[in-house]
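Here are the chains, one letter per residue:
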Amino acid sequence: MTDVDYIISQLQHFTWPDYVVFVAMFILCIFIGIYFGFMEKSSGESDYLMGGRNMLCLPIALSLVASFISGITLLGLPTEIYSYGIQYLYVSLGVITMGFVMAIYYLPVFHDLNITSTYEYLESRFDRRLRMFGSVMFTIMNIGYLPIVIYVPALAFNQVTGVAVHTITPIVCIICIFYTTLGGLKAVVWTDVVQIISMVGALILVAVKGSIDIGGASKVFENAWESGRIEGPDMSVNPTVRHTLWSQLIGGVFYWTQTNAVSQNMIQRYLALPTLASARKALALFCLGVLTLMGLCSYNGLLMYATYKQCDPLTTKLAKARDQLLPLFVMETLGEYPGLTGLFIAGVFSAALSSLSTCLNSMSAVVLEDFVKPFVKRPLSETAINWIMRSVVVSMGTLCVFLVYIVEHMGTVLQLTMSLEAITNGPLLGIFTIGVFMPWINGNSALIGGIVGVIGMSWVSLKAQWAVASGAMVYETKPLTVEHCDYKFDAASLVSAANSTISAQDSEEIFPLYRISYMWYTCLGACLTMTIAIGWHFIFGGNNPKAVDQTLLSPCIRKYFRSDESHLQTKDTKKDIPLKNKRSDDEEAL
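Predicted, not measured: the structure shown is a model, and the values here were computed from it.

Caption draft 1: Spatial organisation of the overall build of the chain. A count of helices and strands for the chain gives 24 helices and 0 strands. In the chain, which comprises 590 residues, the share counted as buried stands at 57%. Considering only residue pairs separated by 6 or more positions, the chain has 87% of its internal contacts joining residues 24 or more positions apart. Put simply, the chain shows about 23,800 Å² of open surface, and 65% of that area lies on carbon and sulfur atoms.

Here's what the structure looks like:
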């Protein structure tokens, strides 16, 4: 009987057609960068960061989907469904609800202000301290997120080819830096279009070929139903249950609203569209695209279970990491067809490249608008602006390459950096929500709320991550077995799995707040921030709501706080004028 290591070595056959397909995707991205960098005339900052604010709706929508669906999602979601069933899929209700919330309440505010950095809004609504707070939180989150974006697909490439992680990650980062530096947002968007086509094609290919091998889609759903992986939503109101209808709906709305409605990574693309109507159309297409990709990923998860139901590769360590399960399945399913494995890996790296290029372009906007322009006394020249924007892309991309080394050699860092997203997301959403819906709250209250929110979520999230990393808290998976494996594996893995089950029983002893589902983190952080801000307001006072410029408020509440025109003309309210207008006034004075 063969052993695990021998099977892995036999599956690692990345042929020359696979390399051709894989490399072709990168070459196409490079040419797109060259085209927008040299062939199309650029008008400077507006073109580089915002695409001239005249982009087309469909490419923007596809770019939004490509950016959001990273390699982590592409590889992680099928494994999630394989291990725990379809409970996570009920987050689609949260996605749909988020679409309405964002289109009605948040998007009109940002689109009407004609801003470049989302955090410019915070200075217009509150003061410069809030703008810096938001920008710093965004920067911290991206620095933690970027190396994971590249490291996860590099693991997949290692599973398929045996090529070391640190051989492929610098190459991928250099290519991404190249086309992002040259072409700006237009290059990012159009490479995303190519990459989303590659992603969808790879997922469909795996789904079709895998279904044929197993005996059809009906067989896949039959096995999933019998194992309890297809089930109705969990109606429990216990917040410590990993996935319930309420955590996916309510918690999902908060999470998706933060990542889509107030995050620079996403809102920058919406603001690149010429009208609010086109931005709302792109939002609708984004929701449809995300739900479609989630459905494809989830089906592949059920397909993997139908294939491995007699012998779990995670337990036997045939897949040494959870993110290597789908690549293993692809090797076994598509390995005999030259070029198809290469297409799948190209799709995985497409997801990584789109997320990476988006983060790099957004960071250049935030650094320029939030960390440089507010602190210079004279307007920057076009040459200086171009150097700053491109230097940020190169610097952040290079930093990403080095941070991958840390992620690889310190396993807990992967979990800790992922928890950074939860630490910053909730407080930022809380501050923006205060700004949009609560004109009576001033900058002091909002800043105190944000700081307390970050501290509170740091404590809860890091404690929870430590409990998971130490094995003190383990979530029970759906039935998996290794009783019918036709190869030898290390029996110690079974002992480890048994110990995990035992430790899961002890998780009840962990403080309940640390056991709360991760789906509630953004909601918890936002509510904590808003609660502290409101409490501080009642103690120390706040704004006159009518003194706040109505363009900074959500359309649904503007009518309740109509400003007195004579009051708006006083010097005391000059700070309430949107930032772009203030800048143009200063430039006219010069």
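Caption draft 2: Focus on helix α16 (residues 340–372). Taking 1.5 Å as the rise per residue, α16 with 33 residues should run 48 Å; its terminal C-alpha atoms sit 46 Å apart, in good agreement. For α16, a buried count of 30 out of 33 residues is recorded, marking the element as mostly surrounded by other parts of the structure.

Caption draft 3: View of the packing of aromatic side chains. Enumeration over the complete set of coordinates arrives at 13 aromatic pairs. Summarising the aromatic geometry, the rings of Phe-221 and Tyr-299 are spaced 5.7 Å apart at their centres and angled 55° between planes, so their arrangement reads as tilted. Taken together, the residues Phe-221 in helix α10 (residues 217–226) and Tyr-299 in helix α13 (residues 276–308) connect sequence positions 78 residues apart. Relative to Phe-329, the ring of Tyr-308 has its centre 6.1 Å away and its plane inclined at 80°; by these criteria the two rings are edge-to-face. Taken together, the positions of Tyr-308 in helix α13 and Phe-329 in helix α15 (residues 325–334) put the pair 21 residues apart, joining distant regions of the chain. Looking at Phe-329, the relative accessible area reads 1%, which means it is buried. By the ring-pair criterion, three or more aromatic residues cluster together here, those being Phe-110, Tyr-119, Tyr-121, Phe-138 and Phe-432. It is Arg-229 that lies over the ring of Tyr-305; its NZ or CZ is 3.7 Å from the centre. For the cation-ring pair, Arg-242 lies above Tyr-84, with the distance from its terminal atom to the ring centre recorded as 4.1 Å.

Caption draft 4: Structural detail: the pattern of salt bridges. Under the defined criterion, the tally for this structure stands at 9 salt bridges. The residue Glu-231 makes a salt bridge to Lys-478 at a minimum N-O spacing of 3.1 Å. Highlighted residues: Glu-231 in the loop between α10 and α11 (245–262) and Lys-478 in the loop between α19 (443–469) and α20 (492–506), separated in sequence by 247 residues. For Glu-369, the salt bridge identified is with Lys-373, shortest N-O distance 3.3 Å. Classification of Glu-369 as buried rests on a relative accessible area of 0%. On the accessibility criterion, Lys-373 (19% relative accessible area) is buried.

Caption draft 5: Representation of the side chain of Glu-80. Inspection of the secondary structure puts Glu-80 in helix α5 (residues 71–84). What makes Glu-80 buried here is its relative accessible area of 9%. With residues up to four places along the chain from it excluded, the contact list for Glu-80 reads Gly-85, Tyr-88, Arg-242 and His-243.

Caption draft 6: Local environment of the confidence of the model for the chain. With 87% of its residues at a pLDDT of 70 or more, the chain shows a mean pLDDT of 81. Segment residues 411–417: pLDDT under 50, and 12 contacts once partners within four positions in sequence are set aside and those in other chains are kept. Low confidence marks residues 565–590, where pLDDT is under 50. Its contacts with residues over four positions away, or in another chain, come to 36 contacts.

Caption draft 7: Summary view of the nonpolar core. Among the nonpolar cores identified, the biggest contains 160 residues, and Tyr-121, Tyr-270 and Phe-286 are the most heavily contacted of them. Sequence-distant contacts of Tyr-270, defined by excluding residues within four places in its chain, comprise Leu-64, Met-102, Leu-107, His-111, Asn-260, Ala-279, Ala-282, Leu-283 and Phe-286. Formed by 12 residues, the second largest nonpolar core is a distinct cluster that contains Ala-464, Ile-516, Tyr-521 and Cys-523.

About the criteria used
Residues numbered from 1 in each chain as written. Predicted model: local features only at pLDDT ≥ 70, side-chain atom pairs only at ≥ 80, totals over all residues. Heavy atoms only, no water. Helix = DSSP H or I, 4+ residues; strand = E, 2+ residues; numbered from the N terminus. Buried < 20%, exposed > 50% of the residue type's maximum accessible area, 1.4 Å probe, protein only. Contact = heavy atoms within 4.5 Å. Areas by Shrake-Rupley, 256 points an atom, 1.4 Å probe, with all protein chains shown as cover. Expected span 1.5 Å × (residues − 1). Phe/Tyr/Trp six-rings, centres within 6.5 Å; stacked < 30°, edge-to-face > 60°. Lys NZ or Arg CZ within 6 Å of the ring centre and 35° of its normal. Salt bridge = Lys/Arg side-chain N within 4 Å of Asp/Glu carboxyl O. pLDDT = per-residue confidence, 0-100. Core = buried A, V, L, I, M, F, W, Y, C linked by side-chain atoms within 4.5 Å.

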